[in-house]
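Working through the structure, step by step
As a plain string of letters, each chain reads:
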Amino acid sequence: MNNYKKDFTILRNNPELTYLDSTASSLTPDSVVEKINEYYKNYRANIARGVYKTSEQATEEYEKTRQKVANFINAAEKEIVFTSGTTMSLNMIAYGLSNLVGENNNIVTTAMEHHANFIPWQQLAKNKEAEFRVTNIDKQGRLDLNDLKNKVDKNTKILTFTYVSNVLGTINPVKEIIQEVKKINPEIITVVDAAQASPHLKLDVKNLDCDFLAFSGHKMLGPTGVGVLYGKIEKLKLLKPIFTGGEMISEVTCQASTFAELPHRLEAGTPNIAGAIAFKESLKYLKKVGFENIQKHEQKLVKYTFEKMKNEFGDDVKIFGPEKVEEHSGSISFTFKKYHPHDIAAILDQEKNVCIRVGMHCAMPLHREFLNVHATARLSVYLYNDKNDIDKFIEGLKRIEEILG
Amino acid sequence: MNIYQEQILEHYHNPLNQKKIKNPTHKSCGNNSSCGDSLCIDLKIEDDKIKEISFSGEGCAISQATASMLSEEVKNKKIDFVKKLNKNDILKILELELSPARLKCALLSLETLQKTLENETK
Ligand SMILES: Cc1ncc(COP(=O)(O)O)c(C=O)c1O
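Residues numbered from 1 in each chain as written. Chains lettered and ligands numbered in written order. Predicted model: local features only at pLDDT ≥ 70, side-chain atom pairs only at ≥ 80, totals over all residues. Heavy atoms only, no water.

1. As for the overall build of chain B
This is how the line gets drawn: To qualify as a helix, a DSSP run of H or I must reach at least 4 residues; to qualify as a strand, a run of E must reach at least 2; elements of each kind are numbered from the N terminus. Values of the radius of gyration come from C-alpha atoms, whereas the globule rule sets the reference at 2.2 Å times the count of residues to the power 0.38. Note on exposure labels: buried denotes an accessible area under 20% of the residue type's maximum, exposed denotes more than 50%, and partly exposed covers the range between, all computed with a 1.4 Å probe on protein chains only. By definition, residues are in contact when any of their heavy atoms lie within 4.5 Å. Computed by Shrake-Rupley with a 1.4 Å probe, the accessible areas treat only the displayed protein chains as cover when residues are assessed. Charge assignment in this entry is limited to Lys and Arg as positive and Asp and Glu as negative, and neither His nor the chain termini are counted. Where a charge sits is defined by one atom per residue type, namely NZ (Lys), CZ (Arg), CG (Asp) or CD (Glu).
When its secondary structure is counted, chain B shows 5 helices and 3 strands. In sequence order, chain B lays out its α and β elements as α-β-β-β-α-α-α-α. In summary, chain B has a C-alpha radius of gyration of 13 Å against a globular reference of 14 Å for 122 residues, a match within 12%. By its C-alpha atoms, chain B is 45 × 25 × 25 Å across when sized along the principal axes. Each of the 122 residues in chain B was classed as buried or not, and the buried ones make up 50%. Long-range contacts, defined as pairs at least 24 residues apart, comprise 64% of the intrachain contacts of chain B with a sequence gap of at least 6. Element-wise, carbon and sulfur atoms account for 46% of the exposed surface of chain B, whose accessible area totals about 6,300 Å². Each charge class in chain B was averaged separately, 18 positive and 18 negative side chains, and the resulting centres sit 4 Å apart.

2. What about the domain arrangement of chain A?
All names here are of chain A. The condition is simple: Throughout, the edges of the domains are those of an automatic or database domain assignment. The term buried area refers to how much accessible surface (probe radius 1.4 Å) is lost by two components on association, counted for both of them together. One speaks of a salt bridge when a side-chain nitrogen belonging to Lys or Arg is within 4 Å of a carboxyl oxygen belonging to Asp or Glu. Polar contact is defined as a pair of N or O atoms within 3.5 Å, subject to the rule that within protein one atom must be able to donate a hydrogen and the other to accept it, and that residues adjacent in sequence are counted only when both atoms are side-chain atoms. For this scheme, ten residues count as nonpolar: Ala, Val, Leu, Ile, Met, Phe, Trp, Tyr, Cys and Pro. Four count as charged, namely Asp, Glu, Lys and Arg, and the remainder, Gly too, count as polar.
Splitting chain A by domain gives domain 1 (4-20 + 290-404) and domain 2 (32-287). Here the C-alpha centroids of domain 1 and domain 2 sit 28 Å apart. Between domain 1 and domain 2 lies a buried interface of about 2,600 Å² when both sides are counted; carbon and sulfur atoms form 61% of it. The largest per-residue losses of area from domain 1 upon contact with domain 2 belong to Phe291, Phe370 and Tyr382, which jointly make up 25% of the total buried on that side. Counting across the domain 1 and domain 2 interface gives 1 salt bridge. Between Glu327 and Arg142 there is a salt bridge; the shortest N-O distance is 3.4 Å. The tally of links from domain 1 across to domain 2 stands at 14 residue pairs in polar contact (both at pLDDT 80 or more). In terms of residue count, the dominant contributor to the side of domain 1 that touches domain 2 is helix H13 (residues 364-371) (6 residues). A per-class count over the side of domain 1 that touches domain 2 returns 17 nonpolar, 9 polar and 7 charged.

3. As for the site of the ligand
All names here are of chain A. How we decide: Throughout, near means a residue has at least one heavy atom within 4 Å of the molecule or strand.
Taken together, Thr86, Thr87, His114, Ala116, Thr162, Asn166, Asp193, Ala195, Gln196, Ser216, His218 and Lys219 make up all the residues around the ligand. Measuring from an oxygen atom of the ligand, one finds a side-chain N or O atom of His114 at 3.3 Å. For the ligand, whose free accessible area comes to 390 Å², the fraction covered by protein is 85%. For the shell around the ligand, the class distribution of residues is 2 nonpolar, 8 polar and 2 charged.

4. Let's talk about the pattern of salt bridges
Across all of its chains, the model carries 36 salt bridges over all chains by this definition. Where Arg66 of chain A meets Glu267 of chain A, a salt bridge forms, and the shortest distance between an N and an O atom there is 2.8 Å. Remark: Glu267 of chain A occurs in the loop between strand E10 (257-259) and helix H10 (273-289) and Arg66 of chain A occurs in helix H3 (residues 53-73); sequence separation between them is 201 residues. Residue classification places Arg66 of chain A among the buried positions, given a relative accessible area of 2%. Overall, Glu267 of chain A belongs to the buried group, its relative accessible area being 10%. With its nearest N and O atoms 3.4 Å apart, the salt bridge here joins Asp42 of chain B to Lys27 of chain B. Separated by 15 residues along the polypeptide, Asp42 of chain B in strand E2 (residues 37-46) and Lys27 of chain B in strand E1 (residues 26-32) bring together distant segments of the chain. You can call Lys27 of chain B partly exposed: its relative accessible area is 41%. Bridged by salt links that share partners, the residues Lys182, Asp209, Asp211, Lys232 and Lys235 of chain A form one connected network.

5. Things to note about the state of the cysteines
One way to say it: the disulfide is the covalent bond shared by the sulfur atoms of two cysteines. Where we set the bar: Throughout, a disulfide means two cysteine sulfur atoms within 2.5 Å of one another.
Counted by the stated rule, this structure contains 1 disulfide over all chains. Cysteine Cys60 of chain B remains unbridged, with the sulfur of Cys105 of chain B as its closest cysteine sulfur at 3.8 Å.

6. Notes on the packing of aromatic side chains
Residue and element names in this part refer to chain A. We count it as follows: Only centres within 6.5 Å qualify two rings of Phe, Tyr or Trp (six-membered ring in Trp) as a pair; their planes then separate them into stacked at under 30 degrees, edge-to-face at over 60, and tilted for everything else.
What the rule picks out here adds up to 11 aromatic pairs over all chains. Seen from their ring centres, Phe334 and Phe393 are 5.7 Å apart, and the 80 degrees between their planes marks the pair as edge-to-face. Taken as a pair, Phe334 in strand E12 (residues 331-336) and Phe393 in helix H14 (residues 387-404) lie far apart in primary sequence, 59 residues in all. Accessibility classification places Phe334 together with Phe393 in one group, the buried group. These aromatic residues form a ring-pair network of at least three members: Phe8, Tyr285, Tyr382 and Tyr384.

7. Here we look at the packing of helix H2 (residues 30-42) of chain A against H10 of chain A
Residues and elements named next belong to chain A. In plain terms, the rule: Comment: axis = line fitted to C-alpha atoms, over the contacting stretch for helices; angle = value between 0 and 180 degrees taken between N-to-C directions. An angle below 35 degrees is treated as roughly parallel, one above 145 as roughly antiparallel, one from 65 to 115 as roughly perpendicular, and anything else as oblique. What makes a crossing left-handed is the near helix being turned counterclockwise from the far one by less than a right angle; a clockwise turn instead makes it right-handed.
As a packed pair, H2 and H10 sit with axes 8 Å apart at the nearest point and diverge in direction by 150 degrees. In terms of their interaxial angle, H2 and H10 are classed as roughly antiparallel. The handedness of the crossing between H2 and H10 comes out as right-handed. Contacts between H2 and H10 involve Ser31, Val32, Lys35, Ile36, Tyr39 and Tyr40 from the former and Ile273, Ala274, Ile277, Ala278, Lys280, Glu281, Ser282 and Tyr285 from the latter. Each residue belonging to the contact of H2 with H10 can be placed in one class, and the counts come to 9 nonpolar, 2 polar and 3 charged.

8. Some points on the sheet that holds strand E11 (residues 317-319) of chain A
Residue and element names in this part refer to chain A. The test is simple: Any two strands with at least two DSSP bridges between them are considered paired.
As summarised here, the arrangement of the 4 strands in space is E11-E12-E15-E14, forming an open sheet in which the pairing is antiparallel. Edge positions in the sheet fall to E11 and strand E14 (357-359), since each of these pairs with one other strand and no more. Averaged over all neighbouring strand pairs, the angle between strand axes comes to 30 degrees, with direction disregarded. One ladder, built from 4 bridges, connects E12 with strand E15 (residues 376-380); its direction is antiparallel. If you follow Ile332 over to E15, its bridge partner there is Leu379.

9. Topic: the packing of helix H11 (residues 291-313) of chain A against H14 of chain A
Residues and elements named next belong to chain A. Two elements in contact, H11 and H14, have axes separated by 10 Å at closest approach and are oriented at 25 degrees. Viewed along their axes, H11 and H14 adopt a mutual orientation that is roughly parallel. Here H11 runs over H14; the crossing is right-handed. Contacts from Leu301, Tyr304, Thr305, Lys308, Met309, Glu312 and Phe313 of H11 reach H14 at Lys387, Ile390, Asp391, Phe393, Ile394, Leu397 and Lys398. Here the contact of H11 with H14 is composed, by residue class, of 8 nonpolar, 1 polar and 5 charged.

Shown next as structure tokens:
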């Protein structure tokens, strides 16, 4: 058995459960759950407003996570804004930058985006009558870097793209892309969707040199409902706060308001205090395991899955995304003969208690306009998975043939 | 519970009423955006009755089998009867219990059929 499974009550209590859907949301180790309880049981109070001890303790715990997140991605504390998740972060960036975009501008993104990093920008472009440009992918689901360089020009206000694709498993060369586009247009604002990178790769925003970056706690062992918006401080200042209200102001009169300093200006209202406090325990856990080990482990499982699927089913299974294991993160999307992905997932669940995700994975343009399939099935691996999980998945696929064949 | 019961598999493997009908009086399509299923229905209605029906589309075993079984069920039935069909009628036809996610697959054909009744060709 995988060493890490023991840290997760849900896996200890359900030894027959095979969870292969961490790309949608990861499981949460006990240390994180205990930290959530610690807050509710011991210092349950609002933050930043109380002058009594429990409120002070809650505030301190909340701000400690900000420090930890800053260290985790090599940023400064005031560059870290807490949100409810990647979707909220990306919307705050898109709407917060909207005044900078005009009808002569264009916004560039890619064909492999999750809807969370597609629709806010498509809407922004539409509202401002700006051009919305979508970069192509190649046959193996890798970004077409030449096409990207052709799409970016002097009028490109924003380039926004994902670090890792949640469907194809493609890992984009973020640093190189940012270097290249800045040669074409030094003023370009770069936004990175790191929702699928933060659980698996060491993030270093200084090294990547991105202007904004977004990710979610719940995909990296953390609680649901907490996420991060990172912005280089001089770029963060450009964001117009789209939420206004309590805790984000400096002074309010009946006529006007002035806003608080960053990052508080972008955190209106009472946040997910327990979630943010416990989030640092998941960062600690990831740090203890180490990203090198996580990647090695995942690559081993991806390789094993590729081989098993090929050996057992040959060309009956079609896997999307990069063919080389080193280029493919832990999300593996596939189709199996004529079987509809819904039936694949339902039978895996019904017969083997294996959880996978099916559908369009919030990437409709990718499926419809680039992969030309109605839907795919996707398994994804994380640090608590092992070869037994993959074996059970393979056995489940065989049952599909027996039941529907 | 095993939802892949014999009656479902029978209709999944050999769906009825897939042959295009000539000169349909009503047509429309529906889809389920989370799973990518899509379904189109053609009808020939005479004297407030469904005389002919055909469907085509992409979908899982549940959605395909439901379309097949439902299309048999409504043949020669009054429009008013079809308009009143609901979730429970579908489950009765299928002889199944379904989770909310799979229920959506099963209801696609009913929703599309009821929409088609409102969609006269020309
Ligand atoms: C690449 C990518 N971006 C954004 C998101 C949205 O994340 P959240 O639902 O946590 O806001 C996801 C989640 O599936 C994702 O995979």
